[in-house]
Structures are given as C-alpha cells and as structure tokens.
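Results of the structural survey
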Amino acid sequence: MAEKRAFPLKFSKRIYPKKAVRAAARAFASFGRFRIREKDGYYVVEVADAASPLTGEWRDEFGNYVLGMTKKCL
Amino acid sequence: MTITVNSKLYPLEAILNACYAFIDRAYFFLDEDPRHPHLIRVAIKMKKGTGNGKADALRDQFNNELLHCSLRHRVSKANKRIREYIIGRALYFVSPIQEGTPTESLPYADDPLHIAKPWEERYGRKKGVSTKI
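What counts as what
- Residues numbered from 1 in each chain as written.
- Chains lettered and ligands numbered in written order.
- Predicted model: local features only at pLDDT ≥ 70, side-chain atom pairs only at ≥ 80, totals over all residues.
- Heavy atoms only, no water.
- Phe/Tyr/Trp six-rings, centres within 6.5 Å; stacked < 30°, edge-to-face > 60°.
- Helix = DSSP H or I, 4+ residues; strand = E, 2+ residues; numbered from the N terminus.
- Buried < 20%, exposed > 50% of the residue type's maximum accessible area, 1.4 Å probe, protein only.
- Lys NZ or Arg CZ within 6 Å of the ring centre and 35° of its normal.
- pLDDT = per-residue confidence, 0-100.
- Axes fitted to C-alpha atoms, helices over the stretch in contact; angles between N-to-C directions.
- Parallel < 35°, antiparallel > 145°, perpendicular 65-115°, else oblique.
- Left-handed = near helix turned anticlockwise from the far one by under 90°.
- Contact = heavy atoms within 4.5 Å.
- Nonpolar A, V, L, I, M, F, W, Y, C, P; charged D, E, K, R; others polar.
- 1 Å grid on protein atoms, 1.4 Å probe; cavity = no way out; pocket = protein on both sides within 12 Å on 5 of 7 lines; lining within 4 Å.
- Points joined across faces, edges and corners; volume = space filled by probe spheres on them.

Let's shift gears to the packing of aromatic side chains. The tally for this structure, following the rule as stated, stands at 15 aromatic pairs over all chains. Measuring from centroid to centroid gives 5.8 Å for Phe28 of chain A and Trp58 of chain A, while their planes differ by 90°, and the two rings are edge-to-face. Taken together, the residues Phe28 of chain A in the loop between helix H1 (18–27) and strand S2 (33–39) and Trp58 of chain A in helix H2 (residues 56–73) connect sequence positions 30 residues apart. Comparing Phe28 of chain A with Trp58 of chain A shows no difference in burial state: the two are buried. Site record: aromatic cluster; members linked through ring pairs are Phe11, Tyr16, Phe28, Phe31, Phe34, Trp58, Phe62 and Tyr65 of chain A together with Phe29 of chain B. Taking NZ or CZ as reference, Lys10 of chain A lies 4.7 Å from the ring centre of Tyr42 of chain A, over its face.

With that out of the way, let us pick up the confidence of the model for chain B. Residues and elements named next belong to chain B. Considering every residue of chain B, the mean pLDDT works out to 85; 86% of them sit at 70 or more. At the low end of the mean pLDDT range in chain B sits helix H4 (residues 102–105), at 60; at the high end sits helix H1 (residues 12–21), at 94. Across the interface, the model reports ipTM at 0.84; the global pTM reads 0.71.

With that settled, consider the packing of H1 of chain A against H2 of chain A. Residues and elements named next belong to chain A. For the pair H1 and H2, the least separation of the axes is 8 Å and the interaxial angle reads 130°. One way to sum up the angle between H1 and H2 is to call them oblique. Crossing geometry of H1 relative to H2 is assigned as right-handed. Contact with H1, carried on its side by Lys19, Ala20, Val21, Ala23, Ala24, Ala25 and Ala27, involves Phe62, Tyr65, Val66, Met69, Thr70 and Cys73 of H2 and no other residues of that element. Partitioned by chemical class, the residues of the contact of H1 with H2 number 11 nonpolar, one polar and one charged.

Time to look at the layout of surface pockets. If a probe as big as a water molecule is rolled over the atoms, it shows which places are left empty. Considered as a void within the structure, the largest pocket measures approximately 310 Å³ in volume. Along the walls of the largest pocket sit Lys71 and Leu74 of chain A together with Glu13, Asn17, Glu65, His68, Cys69, Arg72, His73, Ser76 and Lys77 of chain B, which together make up its complete lining. Elements supplying a minimum of two residues to the lining of the largest pocket: H1 and helix H2 (55–78) of chain B. The leading source of residues in the lining of the largest pocket is H2 of chain B, at seven residues. Of the residues assigned to the lining of the largest pocket, the class counts are two nonpolar, four polar and five charged.

Following this line, the structure appears as structure tokens:
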C-alpha cells in the first residue's frame, strides 16, 4: 500500500507548546499515523497512512484543536 | 482574513483567549511574522454555514474581545498575590480535621445531646394517630 502523506502543518514554538500539539495528535490518531518533528522554530506535524483523504477542513479542525489545547496549557 | 497583532501591546495569553472565544464560528491559525517576531499573524477562516458576510462582524468582535482579554489578563496579573492570599486563608480555615477537635476523643456510639433517641421514646406517641400503613 502506497503511503499517503498529508501536507505538513507548522506550529510556531513560540505560540504553541509541544504538549498541546502532541495532545491534538493523540486525539486525531484515528485519522492516521502522526509524526511531530522540530524544524526552524516550528513543530512540523506530518500525517502518514491517512485513513481517508485529509481535506483543508480537517487541517483547520486540527489547528483549532491545538489552539484549544494551548489554552488549556496556559 | 488575517489580522496582525502586536504582542508587545496584547500579551500572547490574551490573543489565545480571544481566538478561543470564537472557536465555534471560525478556524484560527496563529503564526509569528518572520521579520518582526513581536508581531503575531492571526489567520481567520469562517466555518461553513456561518455566512461569509459575517466575517467583517467577526473581525470587529475579535478586536473587542482581544481588548477585553488583554484587560482581564492585566487585572489577573495585578491581583494574583491577593487572590492567592484569600484562597490560602479560606482553605486554611476549612481544613477538615484540626488537632484537638472533640470528634477525635469521643466514640461515635456516645450521644451526649440525646439526638440518637427516637421521637416516640422521648415524647411518646400522639393520641389518635394511626401507625398502620
């Protein structure tokens, strides 16, 4: 099975804590295999083996979820 | 729609709280300006069914909420010590078991106030009242 990679999501380290990004990745784990790496002051989130095509709306929902988790971390 | 917010004027906590207030109506994505790190870009995308015409109204409401959250943050910061003091005092006086309380020395079966005695034993039954069910 060919691995499908969604476009990476970038979250600024200064704004979003790693804890929030990881919590969101855990919550969305049923959508695919998440990988978080750090690059140039950003947390880069990549999704592999997505169960269904990841649309722009999915990406937006993930962003909002990270925002919610960030607020919880305050 | 993107709004640029100066984090020197509005603290990051206030920006996050303001975004969170509208999370049911729009998608928010925050990023810092690479050339000016103190500037935070807030990308706002309306959710489906909320109506595109309401984007301008949301932007105005967001600006107001930003101001409100900023003020709340400032007040909260200024009152932090007194708030902690008040809570500390309140919790100190409601500690469940303090040393020397009479409950420690008395066995539970004792009834110095005679409150465990049934009404009928103390005052007798009322005349003419049937107890049959």
